[in-house]
Amino acid sequence: MNDTVSDVVIIGGGLAGLVAGARASELGLAVTVLERGTDHNYPCNTRWSGGVIHIAYTDITSSPEILRSAIQRDTHSKAEASQIHAVSANGARFIDWLRGQGSTFVRTEVDWQQLILEPMRDLRAGLDWENRGPDQLLARLTATIKRNGGEVVLGARGRSLVMKGDRCTGVEATVNGAQRTFLANAVVLADGGFQGNLERLAKHVTSRSDSIKQRGAATGIGDGLTMAEAVGASVTDLDKFYGHLLSRDAFGNDNVWPYPEVDAMACAGILVDSNGYRFTDEGLGGIAAANALSRSDDPLGATAIFDAAIWNGPGRSARIPANPTLVDAGGTVLTADSIEELALLAELPPSGLVASVASYNRALEIDALTKLSPERTDPKHVAMPIASPPFHAIPVCAGITYTMGGIHIDGNSRVLRSNASAIEGLYAAGASTGGLEGGGNVAYIGGLAKAGIQGLIAAETIARSRGVSV
Ligand SMILES: Cc1cc2nc3c(=O)[nH]c(=O)nc-3n(C[C@H](O)[C@H](O)[C@H](O)COP(=O)(O)OP(=O)(O)OC[C@H]3O[C@@H](n4cnc5c(N)ncnc54)[C@H](O)[C@@H]3O)c2cc1C
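Just so you know, these numbers come straight off a predicted model, no measurement behind them. (Residues numbered from 1 in each chain as written. Predicted model: local features only at pLDDT ≥ 70, side-chain atom pairs only at ≥ 80, totals over all residues.)

## Quick word on the overall build of the chain
Stage number 1. Counting its secondary structure elements, the chain contains 16 helices and 21 strands.
Stage number 2. For 470 residues, the compact-globule formula gives about 23 Å, and the C-alpha radius of gyration of the chain, at 23 Å, lands near that figure.
Stage number 3. In terms of principal-axis extent, the alpha carbons of the chain reach across some 70 × 40 × 40 Å.
Stage number 4. The buried share of the chain, reckoned over its 470 residues, is 58%.
Stage number 5. Taking as baseline every contact in the chain between residues at least 6 positions apart, the subset at least 24 positions apart corresponds to 74%. (Helix = DSSP H or I, 4+ residues; strand = E, 2+ residues; numbered from the N terminus. Rg over C-alpha atoms; globule rule 2.2 N^0.38 Å. Buried ≥ 20, exposed ≤ 12 C-beta atoms within 10 Å, placed from the backbone. Contact = placed C-beta atoms within 7 Å.)

See the structure below:
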């Protein structure tokens, strides 16, 4: 078959890829999107997402200064300066652009949940994506690309980059089993990370990659990373991921993931290992706890321990609260009138659990939580006593949504070599990129904002390089 020639070839049809494609097509560029999924409802993290668009748990339409300091605060100033600038300067503009594509938003009372793609998912456990805001958005972006003369090729897996000297000039792909070449002035890698690639996860994140639960579509299999590395791109921060603590039942019960998260109970109470002992600082929040658990000796041996006050307080406070959605979905919540009894129910050594709860309660009482080993801080979750019966235990696991590190880009979404020079013609956006998230205590900046803004910027940088005024 003849080579297909476009201005831009994009690998991946999630938010990053389709925003890049829609924006480039609006700017008059000929766009081809290659998407590995085979039918129009192809799974991807964007489609399955909760649709809350925020930056570092801050309203994305806040001023660039506020957004910049939120990112710096959460990443402990470890994010790339040019990426911080790009994301914080374009938050409000991205939302305006989405409105222009026909998106509408729901606001909640939570300050960082001011822009949730409408219609919002039901507030219940399990998957719920069909015809929800993110699903509708992908359909709208696809329509924009097609209306402007572009193409979204399904069943198309990007396999390697075509290089002419130092410049990227296209993609070799398999399309429904057949080899095809897509030539272009620019290529955007937007394949969503490497969480679905267990070998990569074992190499970069945890040797026990089979013991962490995929909390998303798992369609990011690291192809973009592999392609970028093969042409000399640098990669960054591959060891961190965005995820949450989930009920361990998620391995056998599809109704208890990706929601509810078990973070709120584990982080207001304690998280213990199979000996009944704490092993991480729960106050850093559920994303940090999921990362710590994934790297522990026994990722399938942890249990959240809490009491009635936590179950009826933080347990009900999440957007999709475990109390009662986890119970309604058939998830395990063990209940007992004493910690000894709870330990037996949870198959934990009573001596270990009793000692852990007692020293935690005592430290809380005398304001000495940071003297515990491991220390307990409270930047994200306030510690509450485990004192009011009945007591509860939820066996947990680490759920991985997407990898936070990846292809190193600059603030113009250009792929960089290790000497910081850009590889001409090569761009990346979304969960396939690194350099923004993961700093500090595994800072999460917001997967949708990162994907959408980097996609928008990639399209505009490419258009400028083609002499189009943006
Ligand atoms: C349950 C859940 C809830 C979430 N909730 C939120 C939320 O409320 N707010 C928020 O900000 N973020 C949320 N996220 C995270 C967010 O969805 C992602 O970070 C974001 O959508 C990533 O977009 P992306 O385009 O980079 O990747 P994706 O949406 O994963 O798209 C990547 C696409 O690339 C395709 N692909 C992969 N390899 C190839 C290849 N070789 N060739 C061609 N195509 C390929 C895949 O099939 C996929 O369609 C959530 C995620 C999940 C799973």
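Following the structure, the description resumes.
## Some thoughts on the site of the ligand
Stage number 1. The full set close to the ligand counts 43 residues, and Gly12, Gly14, Gly192, Gly430 and Gly447 are the nearest of them.
Stage number 2. Elements that contribute at least two residues to the shell around the ligand include exactly helix 1 (15-26), strand 2 (31-35), helix 2 (45-48), strand 8 (156-164), strand 17 (391-403) and helix 16 (447-465).
Stage number 3. Among the elements that take part in the shell around the ligand, helix 16 stands out by supplying four residues, more than any other.
Stage number 4. For the shell around the ligand, the residue count by class is 18 nonpolar, 19 polar and six charged. (Near = placed C-beta within 6 Å. Nonpolar A, V, L, I, M, F, W, Y, C, P; charged D, E, K, R; others polar.)

## A closer look at helix 6 (residues 133-147)
Stage number 1. The end-to-end C-alpha distance of helix 6, which contains 15 residues, comes to 21 Å, matching closely the 21 Å that a straight helix rising 1.5 Å per residue would cover.
Stage number 2. Restricting attention to buried positions, one finds in helix 6 the residues Gly133, Pro134, Leu137, Leu138, Leu141, Thr144 and Ile145. One side of helix 6 carries all its buried residues, which in axial view fall inside an arc of 135°.
Stage number 3. Contacts from the buried residues of helix 6 go to helix 1, strand 2, helix 2, strand 6 (116-117) and strand 7 (151-154).
Stage number 4. Of the residues one or two after helix 6, Gly149 is the one with positive phi, at around 90°. (Expected span 1.5 Å × (residues − 1). Arc of directions from axis to C-beta.)

## Quick look at the sheet that holds strand 12 (residues 235-236)
Strand-to-strand pairing in sheets goes through backbone hydrogen bonds, with the strands running parallel or antiparallel.
Stage number 1. Overall, mixed pairing links the three strands, which are arranged 12-18-21 in an open sheet. Strands at the two margins of the open sheet, each flanked by one partner only, are strand 12 and strand 21 (433-434).
Stage number 2. Looking at chain direction, strand 12 and strand 18 (residues 406-408) are connected through two bridges and run antiparallel. Within strand 18, the position partnered with Thr236 by the bridge is Gly406.
Stage number 3. The strands touched by helix 8 (residues 223-230) are strand 12 and strand 18; relative to strand 18, the strand with the most contacts, the crossing angle is about 40°. (Pairing = 2+ DSSP bridges. Axes fitted to C-alpha atoms, helices over the stretch in contact; angles between N-to-C directions.)

## Remarks on the pairing of strand 8
Stage number 1. Bridging between strand 8 and strand 9 (residues 167-175) involves eight bridges; their strand directions are antiparallel. The residue bridging Leu161 from the neighbouring strand is Val171, located in strand 9.
Stage number 2. Between the antiparallel neighbours strand 8 and strand 9 lie two residues, among them Gly165 with a positive phi of about 65°.

## A word on the nonpolar core
Stage number 1. Ranked by size, the top nonpolar core spans 140 residues in total, and within it Val187, Val188, Met265 and Ala304 carry the most contacts.
Stage number 2. The dominant element in this core, judged by the number of residues it contributes, is helix 16, at 10 residues.
Stage number 3. No fewer than three residues from each of domain 1 (4-239 + 404-465) and domain 2 (243-400) sit in this core.
Stage number 4. If near-sequence neighbours (up to four positions away) are discounted, Val188 is found in contact with Val8, Ile10, Ile11, Gly17, Ala20, Tyr427, Ala428, Ala429 and Ala458.
Stage number 5. By size, the runner-up hydrophobic cluster in this structure holds five residues, among which are Cys44, Trp129, Ala217 and Ala218. (Core = buried A, V, L, I, M, F, W, Y, C linked by C-beta atoms within 7 Å. Domains from an automatic or database assignment.)

## Structural notes on the domain arrangement of the chain
Stage number 1. Domain boundaries in the chain define domain 1 (4-239 + 404-465) and domain 2 (243-400).
Stage number 2. Measuring from the centre of the C-alpha atoms in domain 1 to the corresponding centre in domain 2 gives 32 Å.
Stage number 3. Across the boundary between the two partners, domain 1 contributes 19 residues, which contact 30 residues of domain 2.
Stage number 4. Split by residue class, the side of domain 1 that touches domain 2 holds eight nonpolar, seven polar and four charged.

## Examining the environment of Asp281
Stage number 1. Here Asp281 is to be found in the loop between strand 14 (270-272) and helix 10 (286-294).
Stage number 2. Each residue touching Asp281, except ones within four places of it in the same chain, is listed here: Pro374, Glu375, Arg376 and Thr377.

## Notes on helix 5 (residues 91-100)
Stage number 1. Gly91, Phe94, Ile95 and Leu98 are the residues of helix 5 that are buried. Along the axis of helix 5, the buried positions cluster into a sector of 100°, meaning they face one direction only. Opposite the packed face of helix 5, turned more than 90 degrees from it, sit the exposed residues Arg93, Asp96, Arg99 and Gly100.
Stage number 2. Looking one or two residues beyond helix 5, the residue adopting positive phi is Gly102, at roughly 100°.

## Thoughts on the pairing of strand 17
Stage number 1. Most of strand 17 is tucked away, with 13 of its 13 residues classed as buried.
Stage number 2. Relative to strand 17, strand 11 (residues 213-214) is paired through two bridges, and the arrangement is parallel. Looking at the pairing, Lys213 lines up with Gly399 of strand 17.
Stage number 3. Of the pairings in the sheet, the one linking strand 16 (residues 334-336) to strand 17 comprises three bridges and is antiparallel in character.

## A few points about the environment of Val382
Stage number 1. Looking at where Val382 falls in the secondary structure, it is placed in the loop between helix 14 (350-365) and strand 17.
Stage number 2. When the C-alpha atoms of Val382 and Gly331 are compared, they prove to be 25 Å apart, with 51 residues separating the residues in sequence.

## Overview of unusual backbone geometry
A negative phi angle characterises most non-glycine residues, just as the trans form characterises most peptide bonds.
Stage number 1. A cis amide bond, omega 0°, links Trp257 with the succeeding residue Pro258.
Stage number 2. Position of Pro258 relative to the elements: it lies in the loop between strand 13 (241-247) and helix 9 (263-268).
Stage number 3. Each neighbour pair has its own omega, and for Pro389 with Pro390 the value is 0°, a cis peptide bond.
Stage number 4. With phi around 50°, Asp237 is a residue other than glycine that occupies positive phi space.
Stage number 5. Along the chain, the position of Asp237 falls in the loop between strand 12 and strand 13.
Stage number 6. With a phi angle near 75°, Ala420 is a residue other than glycine that sits in the positive phi range.
Stage number 7. As for its position among the elements, Ala420 is in the loop between strand 19 (414-416) and strand 20 (422-428).

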